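In case you want the letters, here they are:
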Amino acid sequence: MVDPWKDPDPEAIAFATLVQQEGGRLVHDLGCGSGRHVRALSKIGLSIVASDLTTEEVASCKRETPSIYPVVGSMLSSPIESDTLDGVL
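Anyway, here's the lowdown on the structure attached to this text. (Residues numbered from 1 in each chain as written. Predicted model: local features only at pLDDT ≥ 70, side-chain atom pairs only at ≥ 80, totals over all residues. Heavy atoms only, no water.)

**Comments concerning the overall build of the chain**
Here is step 1: Counting secondary structure elements, the chain contains three helices and four strands.
Here is step 2: Mapped in sequence order, the helices and strands of the chain form the string α-β-α-β-α-β-β.
Here is step 3: Computed over its C-alpha atoms, the radius of gyration of the chain comes to 12 Å, within 12% of the 12 Å expected for a compact globule of 89 residues.
Here is step 4: Principal-axis analysis of the C-alpha atoms places the extent of the chain at approximately 30 × 30 × 20 Å.
Here is step 5: Classification of the 89 residues of the chain by burial places 38% in the buried group.
Here is step 6: Counting only contacts in the chain whose residues sit at least 6 apart along the sequence, the fraction spanning at least 24 positions is 46%.
Here is step 7: Carbon and sulfur atoms form 55% of the exposed surface of the chain, whose accessible area is close to 5400 Å².
Here is step 8: Charge centroids of the chain, computed over 7 positive and 13 negative side chains, lie 9 Å from each other. (Helix = DSSP H or I, 4+ residues; strand = E, 2+ residues; numbered from the N terminus. Rg over C-alpha atoms; globule rule 2.2 N^0.38 Å. Buried < 20%, exposed > 50% of the residue type's maximum accessible area, 1.4 Å probe, protein only. Contact = heavy atoms within 4.5 Å. Areas by Shrake-Rupley, 256 points an atom, 1.4 Å probe, with all protein chains shown as cover. Lys, Arg positive; Asp, Glu negative; His and termini not counted. Charge placed at Lys NZ, Arg CZ, Asp CG, Glu CD.)

Okay, here's the thing in structure tokens:
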């Protein structure tokens, strides 16, 4: 089993720590790109909405981390109500 705390993505760990301290679990990675943070956050145990402008980037994230909720679109709009999210990256 992969231990994300032993192979850290410092930004993802800092973000996940803040979210989990508040009892959170659902986060949105705006501009997910190829999914570096998405992979780390998923390994840590968060549920992730991953969005980017291009279908290719979102598809790449989905291939690497099948459990995400993928969204193609702008950072300026989200299909997820902000009050249901525990954090936005």
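So, next bit.
**Some thoughts on the pattern of salt bridges**
Here is step 1: All told, the structure shown has one salt bridge when counted by the stated rule.
Here is step 2: Here glutamate 11 and arginine 36 are joined by a salt bridge, their closest N and O atoms 3.0 Å apart. Within this pair, whereas glutamate 11 is found in helix 1 (residues 10-21), its partner arginine 36 is found in helix 2 (residues 36-44), the two being separated by 25 residues in sequence. (Salt bridge = Lys/Arg side-chain N within 4 Å of Asp/Glu carboxyl O.)

**Brief notes about the environment of glycine 24**
Here is step 1: With respect to the helices and strands, glycine 24 occurs in the loop between helix 1 and strand 1 (26-30).
Here is step 2: Owing to a relative accessible area of 12%, glycine 24 belongs among the buried residues under this scheme.
Here is step 3: In the structure, glycine 24 is positioned 23 residues away from serine 47 in sequence and 9.5 Å away in space, judged by C-alpha atoms.
Here is step 4: Here glycine 24 is in contact with Val19, Leu46 and Asp86, once residues within four sequence places are set aside.

**Focus: the nonpolar core**
One broad trend across soluble globular proteins is that nonpolar side chains are buried collectively.
Here is step 1: The biggest cluster of nonpolar side chains holds 17 residues, and the ones touching the most others in it are Val27, Val38, Leu41 and Ile48.
Here is step 2: Taken together, the elements giving at least two residues each to this core come down to helix 1, helix 2, strand 2 (47-52) and helix 3 (55-64).
Here is step 3: Looking at this core element by element, the count peaks at five residues for helix 1.
Here is step 4: Beyond its immediate chain neighbours, meaning those up to four positions away, isoleucine 48 contacts Val27, Asp29, Val38, Leu41, Ser42, Ile68 and Tyr69. (Core = buried A, V, L, I, M, F, W, Y, C linked by side-chain atoms within 4.5 Å.)

**Regarding the side chain of aspartate 52**
Here is step 1: Here aspartate 52 is to be found in strand 2.
Here is step 2: Lacking a salt bridge, the buried aspartate 52 has arginine 39 as its closest oppositely charged neighbour, with an N-O distance of 11 Å.
Here is step 3: Once you skip the residues sitting within four places of it in the chain, aspartate 52 turns out to touch Gly31, Cys32, Gly33, Glu57, Val58, Val71, Val72 and Gly73.

**Side note on the side chain of histidine 28**
Here is step 1: With respect to the helices and strands, the residue histidine 28 is situated in strand 1.
Here is step 2: Residue class for histidine 28 comes out buried when judged on its relative accessible area of 2%.
Here is step 3: At 2.8 Å, the side chain of histidine 28 and the side chain of serine 51 are in polar contact.
Here is step 4: In contact with histidine 28, other than residues within four places in its own chain, are Val49, Ser51, Ser78, Leu85, Gly87, Val88 and Leu89. (Polar contact = N/O pair within 3.5 Å; in protein donor to acceptor, adjacent residues only side chain to side chain.)

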